Amino acid sequence: MKQTITPTLLATAFALTAGAPAAAHDAASHTGGLQTASTPAVQAPFDIVHTKITTKGNVATFHIAVSGKAGDSRPSASGKLAGSSVFSYVWPTTIDPSVVGFERKAGILAMAVTSHPDFDDTPLYDENGDGDVGNDGDLWHSHWVVLKPDDACGKGALKVVDIPAGAKPRLPKTWPGFPILLDSPGWSPTFKGDTVEVRVPFDDIGVVKASSFDGVTAGLRVNASVHAPLLCVADVFKVASGKLSLPGRTDR
């Protein structure tokens, strides 16, 4: 029986006890959405102070602002896939995964901007423009990911959903071939000062307008044995809402 993932379950899965958001960030460009107090204990490039999703025409813009310079910190290379690290800016949403090409109710659909120097999961794109499509995983790039709780990643932790051997689930056309519910659609993130944004076109922008969201900065880790669960959320740096209740509403 397929489990229904709700914002309450998502909050439990992350098992966070951070405080509630406080006063709004004072930058004029960071209006609306979720306003969050700066947290000195969190590294400034991942210290979320503002999160929102807005739409114009058929394009949705995913926005996170931090207290420092967005994208200024990336993982160090370990030289191998097993046990390697991923840094990420993530927008968990209530959008059904089928909207972007996965199975219906497959889990929690999230837009993610990631950096990971030890592997490349965008085989269709040459982000650094050197003619090699397989050597630029360290550059920030976007993904759709589908998340679910899995205690194998740690008590109450989340993972990117694995694809069992022999299974043939519905997948987006730009699925990069990894045995997990991950898409590499090629929407280039933009970084400007304290802000990271991704602009994403949709066939039906109404599903985005009707959705709710949150903002997360986190570290993920590839399993040391490179087996399921393949990619775990290992370290949550900060959650915009404090308790991951997905209170953000698009265009508000």
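Residues numbered from 1 in each chain as written. Predicted model: local features only at pLDDT ≥ 70, side-chain atom pairs only at ≥ 80, totals over all residues. Heavy atoms only, no water.

Draft legend 1. The arrangement of the confidence of the model for the protein in detail. Chain-level pLDDT for the protein is 89 on average; 88% of the residues reach the 70-or-more range. Counted against residues more than four places away or in other chains, residues 1-26, with its pLDDT under 50, gives 53 contacts. (pLDDT = per-residue confidence, 0-100. Contact = heavy atoms within 4.5 Å.)

Draft legend 2. Here's a closer look at the state of the cysteines. For the structure on display, the rule yields 1 disulfide. What pairs with C153 in a disulfide is C232, and their sulfur atoms sit 2.0 Å apart. Because the torsion about its S-S bond is -65°, the bridge between C153 and C232 counts as left-handed. Linking C153 in the loop between β6 (141-149) and β7 (158-160) with C232 in strand β13 (residues 231-239), this pair joins segments that are 79 residues apart in sequence. (Disulfide = S-S within 2.5 Å. Helix = DSSP H or I, 4+ residues; strand = E, 2+ residues; numbered from the N terminus.)

Draft legend 3. Layout of empty space enclosed by the protein. One pass over the full model with this rule turns up 1 cavity of 30 Å³ or more. By volume, the largest cavity amounts to about 230 Å³. Around the largest cavity sit 25 residues that line it, and T114, V145, V160, L220 and L231 are the ones nearest its centre. Breaking the lining of the largest cavity down by element, the ones donating at least two residues are β4 (85-92), β5 (108-115), β6, β12 (216-222) and β13. (1 Å grid on protein atoms, 1.4 Å probe; cavity = no way out; pocket = protein on both sides within 12 Å on 5 of 7 lines; lining within 4 Å. Points joined across faces, edges and corners; volume = space filled by probe spheres on them.)

Draft legend 4. Quick peek at the layout of surface pockets. By volume, the largest pocket is sized at about 250 Å³. Forming the walls of the largest pocket are 13 residues, and the residues nearest its centre are V99, V100, P201, F202 and D203. In terms of residue class, the lining of the largest pocket is made up of 9 nonpolar, 1 polar and 3 charged. (Nonpolar A, V, L, I, M, F, W, Y, C, P; charged D, E, K, R; others polar.)

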